[in-house]
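Here are the chains, one letter per residue:
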Amino acid sequence: MGNYGDLGKVYGKDAAEAEKRFRHLDESFAAEYGDSEGLSYFTAPGRTEIIGNHTDHNGGKVIAGSISLDTIGAARESSSEVIEIVSEGYKKVEVNISRLDEVPKENGTRSLVAGIVEAAKS
């Protein structure tokens, strides 16, 4: 199992529950890839948009509030040219970074990942 750092600094009194979620993440990763060694862990805080949903990334204004939910993830380095994203309840997303030109535009998560990789390469 992974080293999750000091979850108390992020989750406070909910650290024990958060550790269960990260352990589940480890187990799911190991089930998909054989082991969970060498993982780095990430958390993205949740927010709710009270007014202006989807306007902020288009240069508009939004009133948002934070919520006590987050999304967690794990990743590790690979020698593969393929980025794989596995998320509970969704189909696996794969993007070959050496063949970005083959990823159709406006194709959901695949296109988003390909666009991020293209931007990072330039």
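Preceding block: the structure.
Conventions we followed
- Residues numbered from 1 in each chain as written.
- Predicted model: local features only at pLDDT ≥ 70, side-chain atom pairs only at ≥ 80, totals over all residues.
- Heavy atoms only, no water.
- Helix = DSSP H or I, 4+ residues; strand = E, 2+ residues; numbered from the N terminus.
- Rg over C-alpha atoms; globule rule 2.2 N^0.38 Å.
- Buried < 20%, exposed > 50% of the residue type's maximum accessible area, 1.4 Å probe, protein only.
- Contact = heavy atoms within 4.5 Å.
- Pairing = 2+ DSSP bridges.
- Core = buried A, V, L, I, M, F, W, Y, C linked by side-chain atoms within 4.5 Å.
- Patch = residues over 30% accessible without salt bridge, like charges linked within 9 Å, V, L, I, M, F, W, Y side chains within 5 Å.
- Areas by Shrake-Rupley, 256 points an atom, 1.4 Å probe, with all protein chains shown as cover.
- Salt bridge = Lys/Arg side-chain N within 4 Å of Asp/Glu carboxyl O.

Trainee: Hey, could you run me through the overall build of the protein in this one?
Mentor: Along the protein, the regular secondary structure elements total three helices and four strands. Computed over its C-alpha atoms, the radius of gyration of the protein comes to 17 Å, more than 25% above the 14 Å expected for a compact globule of 122 residues. In terms of overall dimensions, the protein has C-alpha extents of about 45 × 45 × 30 Å along its principal axes. Residues classed as buried in the protein amount to 20% of the 122 residues present. Look at the contacts in the protein between residues 6 or more apart in sequence, and 39% of them connect residues 24 or more apart.

Trainee: Before we go on, may I ask you to explain the pairing of strand β4 (residues 93–96) in this structure?
Mentor: Remember that side chains alternate between the two faces of the sheet whenever the strand is regular. Alternating residues of β4 divide into V93 and V95, all buried, and E94 and N96, none buried. Sheet analysis places strand β3 (residues 82–85) next to β4, joined by four bridges and oriented antiparallel. Note on β4: the bridge partner recorded for V82 is N96.

Trainee: Would you mind going over the nonpolar core with me for this structure?
Mentor: The tendency in soluble globular proteins is for nonpolar side chains to be buried side by side. Listed in full, the eleven residues of the largest apolar core are Y4, L7, Y11, A15, A18, F22, L25, F29, L39, Y41 and I72. Looking at this core, the elements with two or more residues in it are α1 (7–11) and α2 (15–33). If you look at the next biggest cluster of nonpolar residues, it comprises seven residues, including V95, L100, A114 and V117.

Trainee: Would you explain a nonpolar patch on the surface in this entry?
Mentor: A cluster of nonpolar residues, I50, I51 and I63, forms a patch on the protein surface that exposes about 310 Å² of accessible area. Locating I63 in the fold gives a position in strand β2 (residues 63–75).

Trainee: Help me understand unusual backbone geometry in this model?
Mentor: Working note: non-glycine residues mostly have negative phi, and peptide bonds are mostly trans. One non-glycine residue, E106, lies in the positive phi region at around 55°. By relative accessible area, which is 82% here, E106 ends up exposed.

Trainee: Could you clarify how one ought to interpret the pattern of salt bridges in this entry?
Mentor: Inspection of the entire model under this criterion finds ten salt bridges. A salt bridge links E17 to K20; its shortest N-O distance comes to 3.6 Å. In this pair, E17 and K20 are both assigned in helix α2, three residues apart and thus about one turn of the helix distant. A relative accessible area of 54% means that K20 is categorised as exposed. Across the pair R76 and D35 runs a salt bridge whose closest N-O atoms are separated by 2.6 Å. Of this pair, R76 sits in the loop between β2 and β3 while D35 is found in the loop between α2 and β1 (40–51), placing the two residues 41 residues apart along the sequence. Given a relative accessible area of 32%, D35 falls into the partly exposed group.

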